[in-house]
Amino acid sequence: MTVIEVNGLTKRYGDRTVVDGVSFTVAEGEVFGILGENGAGKTTTVECISGLRTPDAGSISVFGLDSSADREELRRIIGVQLQESQLQDRLRVGEAMQLYASFYRDPADWRELLAAVGLTEQVRMPYAKLSGGQKQRLSIALALIGNPRLAILDELTTGLDPRARRETWRLIRQIRDRGVTVLLVTHFMDEAERLCDRLAVLDGGKIVALDTPAALIANVGDVDGYRANLEDAFLALTGTDRDN
Amino acid sequence: MSALTRLTGAEARLFLREPVSAFFALAFPAVLVIVLGNAIPAFSEPSPDFGGQRPINLYLPIVLALAIGTVTMTSLLSVLAQYRERGVLKRLATTPVKPSALIGAQLGVNVAALVAGSALMMLTAAVAFGSRGPENWPALLVAYLLGAGAMTGVALFIAAVTPNARASAGIGTLVYFPMLFFAGVWTPGDMMPDGAQRVADFTPLGAASQAMQAAWSGDWPQPLHLAVAAGYTLITGALAIRLFRWQ
Ligand SMILES: Nc1ncnc2c1ncn2[C@@H]1O[C@H](COP(=O)(O)OP(=O)(O)OP(=O)(O)O)[C@@H](O)[C@H]1O
Ligand SMILES: [Mg+2]
């Protein structure tokens with residue numbers, strides 16, 4: 001079953017086209033990654049899919065719902081982690097989890113989720129006192145609190161220490177195994193390679209490659225006599241419109 | 001429990017955890033009355049300096065206006081602007097709850113704090129200085145509600161049209177102090193110069209303050225003042241709803 005179907009998605013700011021005719025589909029239970037340099041249009045793309053921004057052209061269907069027209073229904077079944085979003089300074093971790101859990105019909109167990117992201121000890125800590133990585137973990141937990149059928153995660157593990165990254169990967173695999181579809185944006189090649197079934201590489205608002213990590217790597221062949229890795233493939237695919 | 005109720009409960013707790021704004025909303029009006037009562041000789045006696053009136057009766061409605069201005073232009077405005085700038089509203093937009101519910105919760109909490117602070121102030125005035133309260137309660141309530149509505153509308157409007165929290169706070173301050181002046185904080189009763197008085201008639205807090213002063217001494221407010229406050233409520237409120245950006 002197709003969960004996300006994006007067709008000719010285009011978004012402009014002023015006369016700059018920042019997402020330019022992007023099309024792809026994501027199947028149920030898939031972990032789909034979006035790679036791209038800073039400013040490539042990744043956040044714009046996933047926020048259009050989440051129904052937070054309105055596309056200028058193209059269509060987006062998520063579980064058969066239109067991302068713009070059926071926003072309200074969509075919000076009940078997706079969980080979104082935004083790249084940049086904070087909480088109220090004095091809101092405590094446990095309070096935030098309980099509050100957000102109350103917004104959904106069938107929420108996850110908030111204590112279990114806090115344990116899964118390693119924040120059990122911080123349950124009474126106000127948001128402002130959390131470290132950057134702890135804020136990121138809370139943001140992941142809040143994206144998953146509603147037991148979503150689709151999780152959209154923008155820069156999933158940015159700011160996390162190596163152990164927290166591995167634990168987050170495990171959490172993502174767990175929800176994938178329960179049938180949840182995952183759309184994630186990342187700058188980490190190891191994360192993309194280990195976690196994602198397929199990857200779309202965005203460059204200048206356009207998809208320049210879309211394949212499994214292994215196939216993207218195989219397409220590059222050898223680089224300087226070494227077997228290429230995903231980073232080589234990424235670098236070969238992007239930055240073509242650079243001025244320098 | 002509805003999401004709005006839960007959000008209001010959470011925001012109320014957060015409000016009380018912010019000591020400075022909680023103090024200014026809840027305790028400041030009462031503290032101000034105590035300070036004025038001790039600074040002005042014969043606060044509760046008719047005084048030739050105040051046109052034969054009791055100073056306390058001139059000051060209390062003005063303190064109510066000041067309470068309205070303080071809660072709306074500082075506490076409410078800064079929270080709204082921050083919630084947008086920091087992405088709190090945007091995060092809520094990803095859930096089944098609309099970000100407008102958070103604004104509703106903030107309005108509820110600030111109005112409740114304003115009413116509690118005003119009630120505490122009137123109680124203090126009664127206990128410490130023997131104030132008998134307004135002579136015309138219904139008129140006072142109408143004027144107070146319209147004044148609070150008008151200044152809330154202005155706060156929402158400023159939050160809607162300013163690009164960021166810094167600009168919101170800056171413009172809030174630029175509006176706050178002239179509003180206090182037009183409300184008569186520094187020139188109670190008939191002390192305000194005529195020219196300023198004519199401007200004050202058309203400012204939201206100036207109109208509300210005069211309407212409350214009239215109600216306090218037992219009169220009905222001038223229709224002009226009620227109309228001005230109601231007009232600000234409707235116009236700034238409608239503009240804010242149209243212009244507000246959620247991110
Ligand atoms: N609200 C906006 N107004 C104007 N331009 C915008 C807006 N949002 C994004 N852009 C522009 O669109 C382009 C794509 O931005 P986007 O945030 O989608 O990039 P990204 O791929 O997520 O980058 P990063 O890796 O840095 O997060 C950028 O050039 C950015 O400046
Ligand atoms: Mg981004």
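Here the structure is a predicted model, which is why all the values come from computation and not from measurement.

Caption draft 1: How the structure looks around the interface of chain B and chain A. Counting residues at the interface gives 25 residues for chain B, matched by 26 residues for chain A. Around 2500 Å² of area is buried between chain B and chain A when both sides are counted, 53% of it from carbon and sulfur atoms. Looking at the side of chain B facing chain A, the largest losses of area belong to Arg17, Arg86 and Arg91 of chain B, adding up to 31% of the total buried there. Where chain B meets chain A, there are 6 salt bridges. Our enumeration of links across chain B and chain A arrives at 12 residue pairs in polar contact (both at pLDDT 80 or more). Looking at the side of chain B that touches chain A, the elements that each hand over two or more residues are helix H1 (3-17) and helix H4 (88-93) of chain B. The leading source of residues in the side of chain B that touches chain A is H1 of chain B, at 8 residues. Tallied by class, the residues present in the side of chain B that touches chain A amount to 12 nonpolar, 4 polar and 9 charged.

Caption draft 2: Just the packing of helix H3 (residues 93-101) of chain A against helix H5 (residues 132-144) of chain A, in detail. Residues and elements named next belong to chain A. With their axes 9 Å apart at the nearest point, H3 and H5 run at an angle of 20 degrees to one another. With respect to each other, H3 and H5 are oriented roughly parallel. H5 is crossed by H3, and the crossing has right-handed handedness. Along its contact with H3, which presents Val93, Ala96, Met97 and Tyr100, the element H5 presents Leu138, Ala141 and Leu142. Here the contact of H3 with H5 is built from residues that sort into 7 nonpolar, no polar and no charged.

Caption draft 3: Region of interest: the UniProt feature "domain: ABC transmembrane type-2" (unreviewed entry) in chain B. If you check UniProt for "domain: ABC transmembrane type-2" (unreviewed entry), the listed places come out as residues 20-247 of chain B in our numbering. Helix makes up 76% of residues 20-247 of chain B and strand 0%. Its end C-alpha atoms lie 27 Å apart.

Caption draft 4: Broad picture of the site of ligand 1. Residues and elements named next belong to chain A. Contacts to ligand 1 come from 15 residues, most closely from Arg16, Gly39, Lys42, Thr43 and Thr44. For ligand 1, an oxygen atom lies 3.2 Å from a polar atom in the backbone of Ala40. Between ligand 1 and the protein, one listed contact pairs an oxygen atom with a side-chain N or O atom of Thr44 at 2.5 Å. A total of 3 residues in the shell around ligand 1 trace back to one element, the largest contributor, which is helix H1 (residues 42-49). Residues belonging to the shell around ligand 1 are distributed by class as follows: 3 nonpolar, 7 polar and 5 charged.

Caption draft 5: Structural detail: helix H9 (residues 204-216) of chain B. All names here are of chain B. Compared with an ideal rise of 1.5 Å per residue, which puts 13 residues at 18 Å, H9 spans 18 Å between its outermost C-alpha atoms and is within 8% of the ideal. Of all the 13 residues making up H9, 13 are buried; the element is thus mostly covered by neighbouring parts of the structure. One or two steps after H9, the chain reaches Gly218, where phi turns positive at roughly 100 degrees.

Caption draft 6: Highlighting the pairing of strand S7 (residues 150-154) of chain A. Residue and element names in this part refer to chain A. Where burial is concerned, most of S7 is hidden: 5 out of the 5 residues are buried. Note that strand S6 (residues 78-81) and S7 share 4 bridges and pair parallel. Each residue of the ladder has a partner; that of Gln81, found in S7, is Leu153. Bridge analysis of S7 against strand S8 (residues 181-185) gives 5 bridges, and the strand direction is parallel. Of the residues in S8, the one forming a bridge with Ala151 is Val182.

Caption draft 7: Representation of the sheet that holds strand S10 (residues 206-211) of chain A within the structure. All names here are of chain A. Here 6 strands make up an open sheet; going across it, the order is S6-S7-S8-S3-S9-S10 and the pairing mixed. Single-partner strands in this sheet number two, and they are S6 and S10. Put simply, the sheet's adjacent strands are angled 15 degrees from each other on average, direction ignored. Here 4 bridges tie strand S3 (residues 31-36) to S8, and the two strands are oriented parallel to one another. Note on S8: the bridge partner recorded for Gly33 is Leu184. Contacts between H1 and the sheet are confined to S3, S7, S8 and strand S9 (198-203), with S3 contributing the most and set at about 145 degrees to the helix.

Rules used throughout
Residues numbered from 1 in each chain as written. Chains lettered and ligands numbered in written order. Predicted model: local features only at pLDDT ≥ 70, side-chain atom pairs only at ≥ 80, totals over all residues. Heavy atoms only, no water. Contact = heavy atoms within 4.5 Å. Buried area = accessible area lost by both parts, 1.4 Å probe. Salt bridge = Lys/Arg side-chain N within 4 Å of Asp/Glu carboxyl O. Polar contact = N/O pair within 3.5 Å; in protein donor to acceptor, adjacent residues only side chain to side chain. Helix = DSSP H or I, 4+ residues; strand = E, 2+ residues; numbered from the N terminus. Nonpolar A, V, L, I, M, F, W, Y, C, P; charged D, E, K, R; others polar. Axes fitted to C-alpha atoms, helices over the stretch in contact; angles between N-to-C directions. Parallel < 35°, antiparallel > 145°, perpendicular 65-115°, else oblique. Left-handed = near helix turned anticlockwise from the far one by under 90°. UniProt positions renumbered as here; feature names shortened; annotations may be inferred. Near = heavy atom within 4 Å. Expected span 1.5 Å × (residues − 1). Buried < 20%, exposed > 50% of the residue type's maximum accessible area, 1.4 Å probe, protein only. Pairing = 2+ DSSP bridges.

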